[in-house]
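Fold and geometry: a report
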Amino acid sequence: MAQAKIIKEHRDRVTNHKLEKMDGTYNLHDYDDEKQIALEELEMKLNCILSGKDYQTRQQRELDREIELAKARITEKSSSRRGKKTRGKKST
């Protein structure tokens, strides 16, 4: 899970490691959402290992998605600009 960029606190919660006294006393958050994300990330990594595919961390996948969205926006803007240029010209 460390290689999948899951923070230590969440890894400790998933593996049920004993918490430091202060944390165990005052931090009563159950971390269910964080544990779910960590286990889903571990599942994805194991599936990639078993299938022989390259593994990407969640952050890498999110960055790839953002890049694809930015490319789509750029393409959309450039095609709408071309459309405006051709509409303004008179046909001969």
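Just above, that's the structure.
One structure accompanies this document, and this report is about it. (Residues numbered from 1 in each chain as written. Predicted model: local features only at pLDDT ≥ 70, side-chain atom pairs only at ≥ 80, totals over all residues. Heavy atoms only, no water.)

1. Some remarks on the overall build of the chain
A tally of regular secondary structure across the chain gives four helices and zero strands. Tracing the chain from N to C terminus, the helices and strands come up as α-α-α-α. The buried share of the chain, taken over its 92 residues, is 15%. Considering only contacts in the chain between residues 6 or more positions apart, those separated by 24 or more positions represent 35%. Of the accessible surface of the chain, which amounts to about 8100 Å², a share of 53% is contributed by carbon and sulfur atoms. (Helix = DSSP H or I, 4+ residues; strand = E, 2+ residues; numbered from the N terminus. Buried < 20%, exposed > 50% of the residue type's maximum accessible area, 1.4 Å probe, protein only. Contact = heavy atoms within 4.5 Å. Areas by Shrake-Rupley, 256 points an atom, 1.4 Å probe, with all protein chains shown as cover.)

2. So, the environment of Glu 41
Locating Glu 41 in the fold gives a position in helix H3 (residues 32-51). Between the C-alpha atom of Glu 41 and that of Thr 57, which follows or precedes it by 16 residues, the distance is 7.7 Å.

3. Comments concerning the pattern of salt bridges
Pairs can form between side chains of opposite charge once their charged atoms are near each other. Throughout the structure, instances matching the rule amount to four salt bridges. Arg 58 is the partner of Glu 62 in a salt bridge, and the nearest nitrogen-oxygen pair spans 3.4 Å. With a gap of four residues between them, Glu 62 and Arg 58 both fall in helix H4 (residues 58-88), about one helical turn apart. Across the pair Glu 68 and Lys 71 runs a salt bridge whose closest N-O atoms are separated by 3.9 Å. Residue Glu 68 and its partner Lys 71 are located together in helix H4, separated by three residues, close to a single helical turn. Look at Glu 68 and you get partly exposed, because its relative accessible area is 49%. Note on Lys 71: relative accessible area 48%, which makes it partly exposed. (Salt bridge = Lys/Arg side-chain N within 4 Å of Asp/Glu carboxyl O.)

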